Amino acid sequence: MGEAVEELCSRLVRIDTTNLGGGAGNPERPAAELVAGRLGDAGLAPVLLERAPGRSNVVARWPGTDPTLPALLVQAHLDVVPADPAEWSRHPFSGEIHDGYVWGRGSVDMKDMVANVLTVLARWAAEGRGPRRDVVFAFVADEEDDGQWGAHWLVQEHASLFEGCAAAISESGGYTVPARSATGELVHLYPVGTAERGTSHLRLTATGRAGHGSRRNDDNAVEKLVHALSRLAAHQWPIHLIPTVRAFIDRVGTALGAPVDWNDVDATIAGFGNATKMVENVVRNSTRPTVLQAGYKVNVVPGVAQAQVDTRVLPGTEAVMLAEIDRLLGPGITREYVAHQPPVESRVDSPWFDAMAAALRSQDPGAVVVPYCMGGGTDAKAFSQLGIECFGFAPLLLSPDFDYRAMAHGVDERVPVEGLRFGVEVLDRFLSDC
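The rules behind the values
- Residues numbered from 1 in each chain as written.
- Predicted model: local features only at pLDDT ≥ 70, side-chain atom pairs only at ≥ 80, totals over all residues.
- Heavy atoms only, no water.
- Pairing = 2+ DSSP bridges.
- Helix = DSSP H or I, 4+ residues; strand = E, 2+ residues; numbered from the N terminus.
- Contact = heavy atoms within 4.5 Å.
- Axes fitted to C-alpha atoms, helices over the stretch in contact; angles between N-to-C directions.
- Disulfide = S-S within 2.5 Å.
- Salt bridge = Lys/Arg side-chain N within 4 Å of Asp/Glu carboxyl O.
- Buried < 20%, exposed > 50% of the residue type's maximum accessible area, 1.4 Å probe, protein only.

S.K.: Explain the sheet that holds strand β21 (residues 414–416) to me, please; I cannot follow it from the model alone.
M.R.: Two orientations exist for strands paired in a sheet by backbone hydrogen bonds: parallel and antiparallel. A sheet is described by the order of its strands in space; here three strands give the open sequence β6-β7-β21, paired in antiparallel fashion. Unpaired on one side and paired on the other, β6 (97–98) and β21 mark the two borders of the sheet. Sheet topology places strand β7 (residues 101–103) next to β21; three bridges connect them, and they run antiparallel. Its bridge partner being in β21, Tyr101 is matched across the sheet by Pro416. Sitting on the sheet, helix α1 (residues 5–13) is in contact with β6, β7 and β21, with an inclination near 10° to β7. Taken strand by strand, helix α13 (residues 417–433) contacts β6, β7 and β21, and its axis lies near 65° from that of β21.

S.K.: What exactly am I supposed to notice about the state of the cysteines here?
M.R.: When the sulfur atoms of two cysteines share a covalent bond, that bond is a disulfide. With the rule as written, the count across this model stands at zero disulfides. The cysteine Cys165 is free of any disulfide, with Cys390 supplying the nearest cysteine sulfur at 9.9 Å.

S.K.: Teacher, can you tell me more about the sheet that holds strand β16 (residues 304–313) here?
M.R.: With respect to topology, four strands assemble into an open sheet ordered β14-β16-β12-β17, the strand pairing being antiparallel. The open sheet terminates on both sides in strands that have one partner only, identified here as β14 (286–294) and β17 (333–341). The mean angle between the axes of side-by-side strands here comes to 20°, regardless of whether they run parallel or antiparallel. Looking at chain direction, strand β12 (residues 198–207) and β17 are connected through eight bridges and run antiparallel. Its bridge partner lying in β17, Ser200 is registered against His340. Helix α5 (residues 221–234) contacts β12, β14, β16 and β17 of the sheet and is inclined by roughly 15° relative to β16. Against the sheet, helix α9 (residues 318–329) touches β12, β14, β16 and β17, its axis set at about 150° to β17.

S.K.: Would you mind going over the pattern of salt bridges with me for this structure?
M.R.: Pairing is possible between side chains that carry opposite charge, provided their charged atoms lie close to one another. The full count for this structure, using the stated rule, is 26 salt bridges. Between Asp142 and Arg55 there is a salt bridge, with the nearest N and O atoms lying 3.4 Å from each other. Within this pair, whereas Asp142 is found in the loop between β8 (135–140) and α4 (151–157), its partner Arg55 is found in the loop between β3 (47–50) and β4 (56–62), the two being separated by 87 residues in sequence. Three or more residues are tied together by salt bridges with common partners; here these are Arg123, Glu127, Arg129, Glu425 and Asp428.

S.K.: What's the story with the pairing of strand β10 (residues 177–180) in this structure? I'm lost.
M.R.: Within a regular strand, side chains alternate between the sheet's two faces. The sheet contact formed by β10 and strand β11 (residues 186–196) spans four bridges and is antiparallel. Within the sheet, the bridge partner assigned to Val177 lies in β11 and is Leu189. What sits between β10 and β11 in their antiparallel hairpin is a turn of five residues, with Gly184 showing a positive phi close to 90°.

S.K.: What should I look at first to understand unusual backbone geometry in this one?
M.R.: For residues besides glycine, phi is generally negative; the peptide bonds are generally trans as well. With an omega dihedral of -5°, the bond running from Asp109 to Met110 counts as a cis peptide bond. For Asp99, which is not a glycine, the phi torsion comes out positive at approximately 55°. Within the secondary structure, Asp99 is located in the loop between β6 and β7. Using a relative accessible area of 63% as the deciding quantity, one classes Asp99 as exposed. The phi dihedral of Asp412 falls on the positive side, at around 60°, and the residue is not glycine. Structurally, the position occupied by Asp412 is in the loop between α12 (404–407) and β21. A relative accessible area of 13% places Asp412 in the buried class.

Read these as layout, nothing more, since geometry by itself doesn't imply function.
Here you go:
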């Protein structure tokens, strides 16, 4: 049957595609060439597209047996975030297979999914079968920054490659979240991403009167900014339940036998055990100061002070949120976008979601499949601009002692071999039958 999925995942991890942001880092091209070679081995005709040398994207289409069906997009990224070898037990780009895990940066974000998808395609080619509908495969650059060398550029300049795609799957969903019910029973929750909060990163600028640090100054830009940030950080944003989050709370509550009180959402989700962290950040908007810039000498009051705020916004709330931010900031402070990508939300109840749930239950009959909203963001924000419904679905089987959320971008990132093998079977079932 060819190379085992864990060996392929290891091979991909060993290709250091670190993205430092701002166009800096290691090129995705070596990983893209490996992927293109595997796609070619499966009988496809992949194209490599680059906005800049080395920043490679790979796209291929597998024709389905029923051309009347809308196409599906399977998208994954080839770049990874930085890793400091001094912090790791094993080198982050060793791809070592040890103690039932593939170790290394990107092993759970997203070179695991790349390996799973390519393994399914190799199986199809060997067995002479394929999907019912057209499936477009896109392996892209620059997801770990702003996508301007990857998904967003492809959407702007090569949208025709995604012609006919009605839905897409990618990272951040379909993995096991083991949780205990009210009776102590272990329940396997499987979140499927159906929404993402929007990214509305802000730069705040306070201006004032420059002068000597020893003298009274009632127009101090630093003081203005610090007080405004304090008000912003202390503000408790109101609960706002989008359909995805409301469905998550309802279905998880039922599965765990946990009472749901819609008048006290915070207390309700606090009773969800391991599932609490999946929802606690998406029941409201958030504004978290992360960067401060002011001054150049301790005895000089600067005329300008700036800060950046990581702002995440739920669908349908941005105008109200910005008005409240302006009120909290007060006079003398302006704001501008550093990054602005709107929130996205797909249907909770749809044939796509049902097909993903069926594929998961084919390998784990007790699977409880629930929609969920990502607190951060993915390349779904790019592909949704083409009218494509985007879902987080990169299936993995995980044990109760495996902290998945600590693995992505974390130290000693690793993925269980059995989890990869489970993902191959689920993806094969979904891509074949959907």
